[in-house]
Amino acid sequence: MRILTGTAGWADASLIRSGWYPPGTRTAAGRLRYYAGQFRLVEADAPYYALPSAATVTGWIDAVPDGFTMDVKAYSLLTGHRTRVATLPADLRTRIRGPWLTASSAPGELVTELWRRFHQTFGPLREAGILGLVLLQFPTSCRADPAGLSSVHAALRHCGSLPAAVEFRHASWLAPEQRERTWQLLRDHGAAYVCADMSQSHPGAVPPLLAVTANRAVIRLHGHSAAWSRGGKEERYRYEYSASELAAWAERSRRLGETAEEVHVVVNTCCAGIAQRAAATLRDQLDPAEAVSGGLPKPEVTE
């Protein structure tokens, strides 16, 4: 059993400006190489906005050491998010009218082709032993109703042989009468459940319940910004976890590790190195030598 800690992304502008990287670390490869010397896990969130080129993925592979793990966030349209047509691969854009695509307006054959390219793009990452999990983060509009269930089933089928982790953004999936069915859905597909820590100040907020539905478990820490439901991206994720909060999440990670073979703990906050500092604190607290191996019994749940 391993507990891996890291952050969502390694190259946002505020991080680069913050001085977290040593002077002279000016290239994308150099930054990832330095990052991979500090943490054993990173979540590549750039693929959510557009599929990277083969050369970019090769650069990632070359920049990280043996034993490093990279989770990859699935392209937005693949999980039903509203998506700019301009972010599609160039040869697919000419088939679409208008500037935006939604889950309902995207042609089924387009989604199928994007999934094919997603597999093709990240196949080398998997072959190199670096790919951890594919994060399927569904939008708040995806609820635990027939339409939402259809969307989740479809994405998991398309993900296929790639190991998936699922994050929900609407509380209906974890309502007391629904949560066991939700976890069983993920177990049926061999997908990891993502425990998300987020602001609870808005309707539909997902509670931070713990559960293990596959051999790996995931925690994503988004912070508790008061601007979660109304601010821009930086405002929604601008949050610095306190020492006591991080200690509590370290303990929850250990509890998941009693059941899962591997736990991924991803800090997804903003800005200026806040996430990296929090991840480093967790890394230091979660000494792998303290891990306890375990099997995979029924999910543990904590309110």
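What you see is a predicted model, and the numbers here were worked out from it, not measured in a lab. (Residues numbered from 1 in each chain as written. Predicted model: local features only at pLDDT ≥ 70, side-chain atom pairs only at ≥ 80, totals over all residues. Heavy atoms only, no water.)

1. Description of the overall build of the chain
The helix and strand tally for the chain stands at ten helices and ten strands. Along the three orthogonal principal directions, the C-alpha set of the chain runs to about 55 × 50 × 40 Å. Per-residue burial for the chain yields a buried fraction of 52% across its 303 residues. Across the chain, contacts joining residues at least 24 apart in sequence account for 75% of those joining residues at least 6 apart. A total of about 13,400 Å² of accessible surface is found on the chain, and carbon and sulfur atoms cover 51% of it. (Helix = DSSP H or I, 4+ residues; strand = E, 2+ residues; numbered from the N terminus. Buried < 20%, exposed > 50% of the residue type's maximum accessible area, 1.4 Å probe, protein only. Contact = heavy atoms within 4.5 Å. Areas by Shrake-Rupley, 256 points an atom, 1.4 Å probe, with all protein chains shown as cover.)

2. Things to note about the pairing of strand 7 (residues 164-167)
Alternating positions in strand 7 separate into two faces, Ala-164 and Val-166 on one and Ala-165 and Glu-167 on the other, with burial throughout. With four bridges joining them, strand 6 (residues 131-137) and strand 7 adopt parallel strand pairing. Its bridge partner being in strand 7, Val-134 is matched across the sheet by Ala-164. In terms of handedness, the path from strand 6 via helix 6 (residues 146-159) over to strand 7 forms a crossover that is right-handed. (Pairing = 2+ DSSP bridges. Right-handed = clockwise from strand over helix to strand, strands pointing away.)

3. Looking at the sheet that holds strand 8 (residues 192-197)
Strand order in the closed barrel formed by eight strands is 1-2-3-6-7-8-9-10, and the pairing between neighbours is parallel. Across the sheet, the mean angle separating the axes of adjacent strands is 25° when strand polarity is ignored. Across three bridges, the pairing between strand 3 (residues 69-73) and strand 6 is parallel. Residue pairing for strand 6: Lys-73 is matched across the bridge by Leu-135. (Axes fitted to C-alpha atoms, helices over the stretch in contact; angles between N-to-C directions.)

4. Some details on the nonpolar core
Counting 87 residues, the largest nonpolar core has Trp-10, Met-70, Phe-118 and Leu-136 as the members making the most contacts within it. Tallying contributions element by element places helix 5 (residues 108-127) first for this core, with seven residues. Look past the residues within four positions of Phe-118 in its chain and what remains in contact with it is Leu-51, Val-72, Ala-74, Tyr-75, Leu-78, Val-134 and Leu-162. Ranked by size, the runner-up nonpolar core spans seven residues in total, among them Leu-133, Leu-135, Ala-214 and Val-218. (Core = buried A, V, L, I, M, F, W, Y, C linked by side-chain atoms within 4.5 Å.)

5. Description of the confidence of the model for the chain
Across the chain, the average pLDDT comes to 92, with 94% of residues at 70 or higher. A low-confidence stretch, residues 289-303 (pLDDT under 50), is modelled with 32 contacts involving residues beyond four sequence positions or located in other chains. (pLDDT = per-residue confidence, 0-100.)

6. Focus on the pattern of salt bridges
Applying the stated criterion across every chain yields a total of eleven salt bridges. Put simply, Arg-117 and Glu-113 hold a salt bridge, and the shortest N to O gap is 2.7 Å. With Arg-117 and Glu-113 both in helix 5, this residue pair falls four residues apart, about one helical turn. Taken as a pair, Arg-117 and Glu-113 share a single burial class, namely buried. Connected via shared salt-bridge partners are Glu-43, Glu-167, Arg-169 and Arg-220. (Salt bridge = Lys/Arg side-chain N within 4 Å of Asp/Glu carboxyl O.)

7. Some words on helix 9 (residues 243-257)
Here helix 9 spans 21 Å end to end across 15 residues, near enough to the 21 Å set by a 1.5 Å rise per residue. Against strand 1 (2-8), strand 8, strand 9 (216-221), strand 10 (262-267) and helix 10 (274-285) lie the buried residues of helix 9. (Expected span 1.5 Å × (residues − 1).)

8. Focus: the packing of helix 9 against helix 10
Helix 10 packs onto helix 9 with a crossing angle of 50° between their chain directions and a minimal axis gap of 10 Å. With respect to their mutual orientation, helix 9 and helix 10 come out oblique. Between helix 9 and helix 10 lies a crossing of right-handed hand. Contact residues: helix 9 offers Leu-246, Ala-247, Trp-249, Ala-250 and Arg-254, while helix 10 offers Ala-278, Thr-281, Leu-282 and Gln-285. For the contact of helix 9 with helix 10, the per-class residue count stands at six nonpolar, two polar and one charged. (Parallel < 35°, antiparallel > 145°, perpendicular 65-115°, else oblique. Left-handed = near helix turned anticlockwise from the far one by under 90°. Nonpolar A, V, L, I, M, F, W, Y, C, P; charged D, E, K, R; others polar.)

9. Considering the environment of Trp-10
You can see Trp-10 is positioned in the loop between strand 1 and helix 1 (13-18). Note on Trp-10: relative accessible area 9%, which makes it buried. The contact partners of Trp-10, leaving out residues within four places of it in the chain, are Leu-15, Tyr-21, Ala-28, Arg-31, Leu-32, Tyr-35, Val-42, Ala-44, Trp-60 and Met-70.

10. Observations regarding the environment of Tyr-48
Mapped onto the elements of the fold, Tyr-48 is located in the loop between strand 2 (41-44) and helix 3 (54-63). A relative accessible area of 14% means that Tyr-48 is categorised as buried. Distance in space between the C-alpha atoms of Tyr-48 and Leu-78 is 9.0 Å, their sequence separation being 30 residues. Setting aside chain neighbours within four positions, we find Tyr-48 in contact with Lys-73, Ala-74, Tyr-75, Ser-76 and His-81. Side-chain polar atoms of Tyr-48 contact the side chain of His-81, separated by 3.1 Å. (Polar contact = N/O pair within 3.5 Å; in protein donor to acceptor, adjacent residues only side chain to side chain.)

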